[in-house]
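# Report on the structure
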Amino acid sequence: MCYDGDMKLIVGLGNPGSEYNFTRHNFGFLALDFYAKVKGLGWEKPKLGAIWLKDGERIFVKPQDFYNNSGVPAANFIRYYKIAPEDVLVICDDFDMEFGKIRYREHGSSGGNNGLKSLTHELKTEMFPRLRIGTNNAEVRKRLGDMEFVLGHFTAEEKERLPEILQKIVQEINQRTL
């Protein structure tokens, strides 16, 4: 494949499998599913380790390896389409940020996020944009512990806020990748 400088890659981080639907760690998948629904787009069969869809000059991918290894399929797409790291947008959860807060950074450390660590390891760089979505709920996190918290489902109150948050994420995707 030839990279012409216009192609963008949007990577949503999450875990494959229906048991992970509507869990905090799958906010990246949820955001891309919402985008696809709003645009009336459907996911293609897996290729290069991810399900994907194309919208103009943008390719959206949901790696089908587990979260901690999601950098491998994402990097496969980056290499295959010869997309520069700065033309990638990774969408992931952040359990240290207030629930629903959205933060964009052009580059930076993983901040302890294993999906970002995996992609950084595969690309040998931290120079790719990321959109972090806050999932923190101190009361629930304290009760469950970190591992169960990130793999846990949203509370009823959090679910009520999802449409508004997801709409903001779609706006961010369009602002950052068009």
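Each remark here, short or long, concerns the structure printed above.
All of the points below concern the structure found in this document.

Conventions adopted
Every residue gets a number counted from 1 within its own chain, in the order that chain's sequence is written. In keeping with the predicted nature of the model, local features appear solely for residues at pLDDT of at least 70, side-chain atom pairs appear and are counted solely at 80 or more, and the whole-chain, interface and lining totals rest on all residues. The side-chain numbers reported here are obtained from all heavy atoms of the structure, hydrogens and water having been left aside. Any residue under 20% of the maximum accessible area for its type is buried, any over 50% is exposed, and the rest in between are partly exposed; the area is computed with a 1.4 Å probe on protein chains only. Secondary structure elements follow DSSP: runs of H or I no shorter than four residues count as helices, runs of E no shorter than two count as strands, and numbering proceeds from the N terminus. What counts as an axis is a line fitted to C-alpha atoms, over the stretch in contact for a helix, and the angles between N-to-C directions run from 0 to 180 degrees. With respect to orientation, any angle under 35 degrees is reported as roughly parallel, any angle over 145 as roughly antiparallel, any angle of 65 to 115 as roughly perpendicular, and every other angle as oblique. Whether two residues touch is decided by their heavy atoms; if any such pair falls within 4.5 Å, the residues are in contact. When residue character is reported, Ala, Val, Leu, Ile, Met, Phe, Trp, Tyr, Cys and Pro are called nonpolar, Asp, Glu, Lys and Arg charged, and the others, Gly included, polar. Here, any two strands with at least 2 DSSP bridges between them count as paired.

This part takes up unusual backbone geometry. Despite not being glycine, phenylalanine 22 shows a phi value in the positive range, around 60 degrees. The exposure class assigned to phenylalanine 22 is partly exposed, which follows from its relative accessible area of 39%. Although it is not a glycine, lysine 82 sits at a positive phi angle of roughly 55 degrees. Of note, lysine 82 is situated in the loop between helix H2 (71–80) and strand E5 (88–98).

Running from N to C, helix H1 (residues 27–39) and helix H6 (residues 156–177) cross one another at 80 degrees; their axes reach a closest spacing of 9 Å. Taken together, the axis directions place H1 and H6 in an arrangement best described as roughly perpendicular. Contacts between H1 and H6 involve Phe27, Leu30, Ala31, Leu32, Phe34 and Tyr35 on the former and, on the latter, Leu162, Pro163, Ile165, Leu166, Gln167, Ile169, Val170, Ile173 and Asn174. Split into classes, the residues belonging to the contact of H1 with H6 amount to 13 nonpolar, two polar and no charged.

Read from one edge of the open sheet, seven strands run E2-E3-E4-E1-E5-E7-E6, paired in mixed fashion. At either end of the open sheet lies a strand with only one pairing partner, and these are strand E2 (44–47) and strand E6 (102–105). When strand polarity is set aside, the average angle formed by the axes of neighbouring strands in this sheet is 30 degrees. Two strands pair when backbone bridges link them, and strand E1 (residues 8–12) and strand E4 (residues 58–63) are joined in this way by four bridges, in the parallel orientation. Bridging from a neighbouring strand, valine 11 pairs with valine 61 of E4. Across the sheet, H1 lies against E1, strand E3 (50–55), E4, E5 and strand E7 (130–136), angled at about 140 degrees from E4, the strand it touches most. Packing against the sheet, H2 makes contact with E1, E2, E3, E4 and E5, and its axis sits at approximately 170 degrees to E1.

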